[in-house]
Amino acid sequence: MRIHLSSVFVDDQDKALRFYTDVLGFVKKHDVPLGSDRWLTVVSPEDPDGTELLLEPSGHPAVQPYKTALVEDGIPATSFAVDDVHAEYSRLRELGVRFTQDPLEMGPITTAVLDDTCGNLIQIVHSE
């Protein structure tokens, strides 16, 4: 068994697609119209057949209170692995990304937390 798909609830799918591709560097995998929304997934360019991230609309009534509570408590909605948190932090800051947690080293793990502009906090992580 392996993870095939994970999702993050986004306030605006078009805005999310731009952020997750143009800023974070993912590539679009699927974009299928479903009424007023879309089945919209992105993948790592390093693993185009790997785990997909669904940019899922936040329309369900339970989603907004859930997202708000996570953000207020500083809890990331998901975590992405990077080769170097400090380098990625610098690259993303230059692109105007707002971080809620600067790089933090905790033994063999380094993390930072960013705002995805779509209602979520996202953690980037590297472990040695």
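Keep in mind that this is a model prediction, so the values were computed, not measured.

Enquirer: Looking at this structure, I do not really get the pattern of salt bridges. What am I missing?
Expert: Should their charged atoms come close, side chains of opposite charge can pair. Within this structure, the stated rule accounts for seven salt bridges. The residue Asp 49 makes a salt bridge to Lys 29 at a minimum N-O spacing of 3.4 Å. Residue Asp 49 is located in the loop between strand S3 (37-43) and strand S4 (52-57), and its partner Lys 29 is located in strand S2 (residues 27-34); the two are separated by 20 residues in the primary sequence. Residue Lys 29 is classed as partly exposed on the basis of its relative accessible area, which comes to 32%. One salt bridge in this structure joins Arg 98 and Asp 115, with 2.9 Å as the shortest N-O distance. Of this pair, Arg 98 sits in the loop between helix H3 (85-94) and strand S6 (99-106) while Asp 115 sits in strand S7 (residues 109-115); the two residues are 17 residues apart in sequence, bridging distant segments of the chain. Counted as one network, the salt bridges with shared partners bring together Asp 14, Lys 28, Asp 31 and Arg 38.

Enquirer: I keep staring at the UniProt feature "domain: VOC" (unreviewed entry) in the protein and nothing clicks. Help me out?
Expert: According to UniProt, the positions carrying the feature "domain: VOC" (unreviewed entry) are residues 2-127. Counting secondary structure, residues 2-127 comes out at 25% helix and 42% strand; the distance between its end C-alpha atoms is 20 Å.

Enquirer: Please clarify how unusual backbone geometry should be interpreted in this entry.
Expert: Apart from glycine, the bulk of residues carry a negative phi angle, and the bulk of peptide bonds sit in the trans form. One non-glycine residue, Thr 117, adopts positive backbone phi at about 65 degrees. In this structure, Thr 117 sits in the loop between S7 and strand S8 (121-127). On the accessibility criterion, Thr 117 (37% relative accessible area) is partly exposed.

Enquirer: I keep staring at a negative patch on the surface and nothing clicks. Help me out?
Expert: Where like charges cluster on the molecular surface, the negative patch consists of Glu 46, Asp 47, Asp 83 and Asp 84. Topologically, Glu 46 is positioned in the loop between S3 and S4. Residue Glu 46 is classed as exposed on the basis of its relative accessible area of 73%.

Enquirer: Looking at this model, I keep getting lost on the pairing of S3. Mind explaining?
Expert: Walk down a regular strand and you will see the side chains alternate between the two sheet faces. In terms of burial, S3 is a largely internal element, five of the seven residues being buried. Pairing analysis gives seven bridges linking S2 to S3, with the strands arranged antiparallel. Across the sheet, residue Val 27 finds its bridge partner in S3, namely Val 43. Hairpin geometry of S2 and S3 is characterised by an intervening segment of two residues between the two adjacent antiparallel strands and by a positive phi of about 65 degrees at Gly 35. Taken together, the two bridges between S3 and S4 define a ladder with antiparallel strand orientation. Counted as the bridge partner of Thr 41 is Leu 54 from S4.

Cut-offs applied
- Residues numbered from 1 in each chain as written.
- Predicted model: local features only at pLDDT ≥ 70, side-chain atom pairs only at ≥ 80, totals over all residues.
- Heavy atoms only, no water.
- Salt bridge = Lys/Arg side-chain N within 4 Å of Asp/Glu carboxyl O.
- Helix = DSSP H or I, 4+ residues; strand = E, 2+ residues; numbered from the N terminus.
- Buried < 20%, exposed > 50% of the residue type's maximum accessible area, 1.4 Å probe, protein only.
- UniProt positions renumbered as here; feature names shortened; annotations may be inferred.
- Patch = residues over 30% accessible without salt bridge, like charges linked within 9 Å, V, L, I, M, F, W, Y side chains within 5 Å.
- Areas by Shrake-Rupley, 256 points an atom, 1.4 Å probe, with all protein chains shown as cover.
- Lys, Arg positive; Asp, Glu negative; His and termini not counted.
- Charge placed at Lys NZ, Arg CZ, Asp CG, Glu CD.
- Pairing = 2+ DSSP bridges.

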